[in-house]
Amino acid sequence: MNQDTINPVIEPTWQAALQSEFSSPYFTELVKFLKLQKSSKKVIYPPGKKIFAAFDKTPLDKVKAVIIGQDPYHGPGQANGLCFSVSDGIKQPPSLKNIFKELAQDLNCPAPTSGNLERWADQGVLMLNATLTVEHSAAGSHQGKGWEQFTDAVIRTVSDKLENVVFILWGRFAQNKASLVDIKKHHILKAAHPSPFSAHSGFFGCKHFSKTNEFLHSKKLEVIDWSLQ
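Residues numbered from 1 in each chain as written. Predicted model: local features only at pLDDT ≥ 70, side-chain atom pairs only at ≥ 80, totals over all residues. Heavy atoms only, no water.

**With respect to the pairing of strand β5 (residues 166-170)**
This is how it is decided: The rule is simple: take the accessible area with a 1.4 Å probe, protein chains only, and divide by the maximum for that residue type; under 20% is buried, over 50% is exposed, in between is partly exposed. A run of H or I in DSSP becomes a helix once it reaches four residues, and a run of E becomes a strand once it reaches two; helices and strands are each numbered from the N terminus. Two strands are counted as paired when DSSP detects at least two bridges linking them.
Taken across its five residues, β5 has five buried, putting it largely inside the fold. On β5, burial covers both faces: Val166, Ile168 and Trp170 on one face and Phe167 and Leu169 on the other are all buried. With three bridges connecting them, strand β2 (residues 65-69) and β5 associate as parallel partners. Looking at the pairing, Ala65 lines up with Val166 of β5. Summarising the sheet, β5 and strand β6 (residues 187-191) pair through five bridges and their orientation is parallel. Considered in β6, the bridge of Ile168 is made with Leu189.

Following this line, the structure appears as structure tokens:
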């Protein structure tokens with residue numbers, strides 16, 4: 001996939017599992033919408049080759065945990081296809097800074113210099129935004145266009161096909177996705193959103209990083225090295 005095209009060809013395990021979504025009418029309309037945005041010279045984030053980066057970095061059969069965000073960042077160079085993550089060299093947004101504060105408090109991990117979370121994704125953390133694209137400087141601009149239906153199907157796919165996955169749900173928006181998860185097979189962790197507006201209302205002190213590893217360890221699964229240094 002190059003930077004100027006919208007092409008629903010992703011990592012093979014996801015391609016196979018989500019083929020019915022790609023061929024559905026709503027996804028056809030979503031692609032039409034994105035192509036129209038491109039043809040009208042609107043700037044869309046992340047770049048085309050990174051829209052499905054969360055899937056390319058974390059194959060379906062490797063998923064151990066899922067973190068759910070809402071929209072990609074809508075500033076130049078920020079969004080890299082993973083929720084809460086920014087590209088190397090980009091200033092860390094406030095919510096991401098708070099995630100790192102909690103990480104330091106929970107596991108005594110030093111504050112990383114980069115806000116790039118690809119290392120988590122490479123270890124099996126699916127960093128999933130509910131909406132996978134956004135227009136420059138227009139937060140929420142691609143909501144209600146079909147992405148939510150697609151990413152809900154992604155969550156259901158993980159729930160149906162896998163076992164013992166930890167779903168990390170920060171804030172009301174992410175927590176509304178809990179109904180898509182089979183709690184008999186998986187583990188759900190809930191806390192306030194890491195935004196400066198809510199982090200002091202239950203995000204700080206949630207210890208979700210250590211709790212995720214405690215659950216994985218209890219199931220004799222390899223734990224996640226959350227350190228980014």
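Anyway, onward from the coordinates.
**Considering the pairing of β2**
For β2, the buried fraction is high: five of the five residues fall into the buried class. Neither face of β2 is exposed, since Ala65, Ile67 and Gly69 on one face and Val66 and Ile68 on the opposite face are all buried. Pairing analysis gives five bridges linking β2 to strand β3 (residues 125-129), with the strands arranged parallel. When the sheet's bridge partners are listed, Ile68 is paired in β3 with Leu128.

**Digging into the pattern of salt bridges**
Rule in force here: A pairing counts as a salt bridge when a side-chain nitrogen of Lys or Arg comes within 4 Å of a carboxyl oxygen of Asp or Glu.
Counted by the stated rule, this structure contains five salt bridges. A salt bridge links Glu29 to Lys32, with the nearest nitrogen and oxygen atoms 3.4 Å apart. One end of the pair, Glu29, and the other, Lys32, are both in helix α3 (residues 25-39), three residues apart, so they sit about a helical turn from each other. Take Glu29: its relative accessible area is 47%, and that puts it in the partly exposed class. For Lys177, the salt bridge goes to Asp152, with nearest N and O atoms at 2.7 Å. Residue Lys177 is found in the loop between α8 (171-175) and β6, and its partner Asp152 is found in helix α7 (residues 147-161); the two are separated by 25 residues along the sequence.

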